[in-house]
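Notes for the structure review
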Amino acid sequence: MSDEEHHFESKADAGASKTFPQQAGTIRKNGYIVIKGRPCKVVEVSTSKTGKHGHAKCHFVAIDIFTAKKLEDIVPSSHNCDVPHVNRTDYQLIDISEDGFVSLLTENGSTKDDLRLPTDENLLKQIKDGFAEGKDLVVSVMSAMGEEQICALKDIGTK
């Protein structure tokens, strides 16, 4: 045994993996898939027959859940694809700051202040108008692969 001390730099986070593997042939429409490193919702799946080299291929057309960009990928159906862990959480809207960040109330009573207003014009207008009218608003926040974004809005009555 040596007398030197060993220091290890931990670069990994202690959370669960951002994605999990799933066989390409089992991914269906309205499921999720990672294409070009982006979490996407599948809008179309077509499977080709096996060719002379033996693999049936799955052709995925999917929309990025944060940017709404359309992405495509072709994967052999027997291979694994990454599927993102997608979570939706509801928070009550407390405040909108001048610089475009929102203050949200979590279930345990603490506040979450690290989220920007959505880029979708329609949703942005609904949130700002509802907040200005003094309505009690609940926003749905979708999170996947370390990104979060407000994706929906519910009105639970006036204050």
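Higher on the page you've got the structure.
What you see is a predicted model; the values in this text were computed from it and never measured.

Turning our attention to the overall build of the protein. Helix and strand content of the protein: 1 helix and 11 strands. Helices (α) and strands (β) of the protein occur, in sequence order from the N terminus, as β-β-β-β-β-β-β-β-β-α-β-β. The burial tally for the protein puts 31% of its 159 residues in the buried class. Sequence separation of 24 or more characterises 48% of the internal contacts of the protein that already satisfy a separation of 6 or more. Carbon and sulfur atoms make up 49% of the accessible area of the protein, which totals about 10,700 Å².

Core analysis: the largest hydrophobic core is formed by 14 residues, its most contacted members being Leu93, Val102, Leu104, Ile127, Val139, Val141 and Ile150. Of all the elements in the fold, those that place two or more residues in this core are strand S7 (87-96), strand S8 (101-105), helix H1 (121-132) and strand S10 (135-144). The residues contacting valine 102, other than those within four sequence positions of it, are Leu93, Asp95, Ile96, Lys112, Asp113, Leu115, Leu117 and Ile150. Counting residues in each nonpolar core, the second largest holds 13 residues, with Ile33, Ile35, Ala62 and Cys81 among its members.

This brings us to the layout of surface pockets. Each pocket or cavity is described by its volume, and for the largest pocket that value is around 250 Å³. Lining the largest pocket are 15 residues; nearest its centre among them are Asp64, Ile65, Phe66, Met142 and Cys151. Breaking the lining of the largest pocket down by element, the ones donating at least two residues are strand S4 (57-64) and strand S11 (147-158). Sort the elements by how many residues they give to the lining of the largest pocket and S11 lands first, with 3 residues.

Take histidine 59: it is sitting in strand S4. A sequence separation of 17 residues divides histidine 59 from proline 76, and the C-alpha atoms of the two residues are 8.8 Å apart. Apart from residues lying up to four places away in sequence, histidine 59 is in contact with Glu44, Val45, Ser46, Glu72, Asp73 and Ile74. One polar contact links histidine 59 to glutamate 72, side chain to side chain, over a distance of 2.7 Å.

A word on unusual backbone geometry. Although it is not a glycine, lysine 36 sits at a positive phi angle of roughly 50 degrees. Even without being glycine, methionine 145 reaches a positive phi, approximately 50 degrees.

So, about the sheet that holds strand S3 (residues 38-47). Overall, antiparallel pairing links the 4 strands, which are arranged S2-S3-S4-S5 in an open sheet. Looking at the sheet topology across the chains shown, the edges are occupied by strand S2 (32-35) and strand S5 (70-76). Put simply, the sheet's adjacent strands are angled 45 degrees from each other on average, direction ignored. As paired strands, S4 and S5 are joined by 7 bridges and run antiparallel to one another. Along S5, the bridge assignment pairs valine 61 with glutamate 72.

Definitions and cut-offs
- Residues numbered from 1 in each chain as written.
- Predicted model: local features only at pLDDT ≥ 70, side-chain atom pairs only at ≥ 80, totals over all residues.
- Heavy atoms only, no water.
- Helix = DSSP H or I, 4+ residues; strand = E, 2+ residues; numbered from the N terminus.
- Buried < 20%, exposed > 50% of the residue type's maximum accessible area, 1.4 Å probe, protein only.
- Contact = heavy atoms within 4.5 Å.
- Areas by Shrake-Rupley, 256 points an atom, 1.4 Å probe, with all protein chains shown as cover.
- Core = buried A, V, L, I, M, F, W, Y, C linked by side-chain atoms within 4.5 Å.
- 1 Å grid on protein atoms, 1.4 Å probe; cavity = no way out; pocket = protein on both sides within 12 Å on 5 of 7 lines; lining within 4 Å.
- Points joined across faces, edges and corners; volume = space filled by probe spheres on them.
- Polar contact = N/O pair within 3.5 Å; in protein donor to acceptor, adjacent residues only side chain to side chain.
- Pairing = 2+ DSSP bridges.
- Axes fitted to C-alpha atoms, helices over the stretch in contact; angles between N-to-C directions.

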